[in-house]
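Residue-level structure breakdown
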Amino acid sequence: MADRCPGGLGAGFRRAGRAAAEDRHRCATRRRGIAAPRRRRSVAALACLLGACSAIACESAPTSTPTPIPSQSPPVASLAALPRPASAETQAPTGPAHASNPLGLPVYPVKLDPGRRVFTFSDRMLAGAKLGSTLVLYAATVVGFEGDDLIIEGRGGPSYKVHPGYVVPVPDAPRLRPHEPVLTEWNGAMKHAVITRFVKDKIEVRYTDMDPRTPLAQLKGVRFVVQTEGLVPGNFAAWKDGETWRHVLLVSRLGGPAAEAGAVPTSLASTARWFALGYGGAALIADESALRPIPIKPRLKVGSSVWAEWVGTLRPAAVQSAEETGLYTVKFERAGRPVTVGWGLITPPLDPQ
């Protein structure tokens, strides 16, 4: 039993089985040795084929930059088919109101030469403007005339026509002095300010109709208009609207006899009207008889009773301090903290007559 292998086979058969296994191992080794070079040659051939395909693809690929997608660069043909914006449409004249005179202001005589600098409204603001529309005066230049209209140099676009009633003229060489109230610019928009000093070739100003924390500005090459007392284009005024006194910015005087040079109108019996801007730049027409001038350079004592601007209206207040040139600190009646207001936004109580 010791000479038998598992399963009952003899030792001779066990030796034959070992020899056969060794033969099979040697054959498998020879086959692997032959197959390995064949596999390497196949892989190399496949690599060459892929390389050739890549070379062909590279030669046929375009060398120019891919065309942008339509949303980035629409073709010219599709641009012509796009609808024009409403502001670009030319409105047909309807009586005296048209593109250059949307509010239908009456004839307004003005003498200006080409090249004269002015404050006026942009063509986009005038397009379709009506009473209540928001309007902002910007620095501009007159380049010509067409009938009664002024031709204004466009701001990054074509020139456009403006009725003279929408323009505040700017003198060519105003005489400027320290501590005087002026109209000037801030980022191109018309603003009120007081001159604080001259610094070499610049003029330092404090803005009086902006946040009182706005820092002093040193200006060069901008427009200046020296303010004069009275109902004058560019000045602030009080407008009695029913029982409320509103704070408005005067733009142009419409109709009525011409005011005398240097006179301070009282508006007691005037038939004239004014184109003005109310709170938020809202366009309005006010009877001159309902307007009162606001001092351009008030001289007020601490403790004085005044009216000061608050959200477009004039409210009773008391002066607490005169901090710096052009600014007063006041406290409103039945209000909380004191506030700082500038010249043009504060006035002694006005005669209601």
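Described in the following lines is the structure provided in the data block. (Residues numbered from 1 in each chain as written. Predicted model: local features only at pLDDT ≥ 70, side-chain atom pairs only at ≥ 80, totals over all residues. Heavy atoms only, no water.)

Comments concerning the overall build of the protein
When helices and strands are counted, the protein shows three helices and 20 strands. Within the span of the protein, comprising 353 residues, buried residues form 37% of the whole. Of the contacts made within the protein by residues no fewer than 6 positions apart, 53% connect residues no fewer than 24 positions apart. Of the roughly 21,100 Å² of accessible surface on the protein, a fraction of 57% belongs to carbon and sulfur atoms. (Helix = DSSP H or I, 4+ residues; strand = E, 2+ residues; numbered from the N terminus. Buried < 20%, exposed > 50% of the residue type's maximum accessible area, 1.4 Å probe, protein only. Contact = heavy atoms within 4.5 Å. Areas by Shrake-Rupley, 256 points an atom, 1.4 Å probe, with all protein chains shown as cover.)

Side note on the packing of aromatic side chains
According to the stated counting rule, one finds five aromatic pairs in the structure shown. Each ring, one from Trp245 and one from Trp307, has its centre 5.8 Å from the other, and the planes form 45°; the classification is tilted. Pair noted here: Trp245 is in strand S12 (residues 244-254) and Trp307 is in strand S16 (residues 305-310), with a separation of 62 residues, a long-range link. Taken together, the aromatic side chains of Phe121, Tyr166 and Phe275 make up a single cluster linked through ring pairs. For Arg315, the ring lying beneath its charged end belongs to Phe332, and the centroid distance is 5.0 Å. (Phe/Tyr/Trp six-rings, centres within 6.5 Å; stacked < 30°, edge-to-face > 60°. Lys NZ or Arg CZ within 6 Å of the ring centre and 35° of its normal.)

As for the side chain of Asn101
Checked against the element boundaries, Asn101 lands in the loop between helix H2 (76-81) and strand S1 (117-120). Asn101 gets classed as buried once you look at its relative accessible area, which sits at 3%. Here Leu105 takes part through its backbone nitrogen, which lies 2.8 Å from a polar atom of the side chain of Asn101. (Polar contact = N/O pair within 3.5 Å; in protein donor to acceptor, adjacent residues only side chain to side chain.)

A look at unusual backbone geometry
A positive phi angle is found at Asn187, which is not glycine, with a value near 55°. In this structure, Asn187 sits in the loop between strand S6 (181-186) and strand S7 (189-199). Judged by relative accessible area, which is 65%, Asn187 ranks as exposed. Positive phi, normally seen in glycine, also occurs at Val311, with a value near 50°. Here Val311 is to be found in the loop between S16 and strand S17 (313-321).

Topic: the pattern of salt bridges
Under the criterion given, the structure shown has eleven salt bridges. For the salt bridge of Glu185 with Arg223, the shortest nitrogen-to-oxygen distance reads 3.2 Å. With Glu185 in strand S6 and Arg223 in the loop between strand S9 (217-219) and strand S10 (225-226), this residue pair connects regions lying 38 residues apart in the sequence. On the basis of relative accessible area, Glu185 is assigned to the buried category, the value being 10%. Residue classification places Arg223 among the buried residues on the basis of a relative accessible area of 12%. For Asp287, the salt bridge is made with Arg273, and the minimal N-O distance between the two is 3.2 Å. Taken together, the residues Asp287 in strand S14 (residues 283-287) and Arg273 in strand S13 (residues 273-277) connect sequence positions 14 residues apart. (Salt bridge = Lys/Arg side-chain N within 4 Å of Asp/Glu carboxyl O.)

Points about the nonpolar core
Residues Phe119, Phe121, Phe275 and Val330 are the most contacted members of the largest nonpolar core, which totals 51 residues. Of all the elements, S12 adds the most residues to this core, at four residues. Excluding anything up to four places from it in sequence, Phe121 contacts Leu126, Leu135, Val136, Leu137, Tyr160, Tyr166, Val251, Phe275 and Leu277. (Core = buried A, V, L, I, M, F, W, Y, C linked by side-chain atoms within 4.5 Å.)

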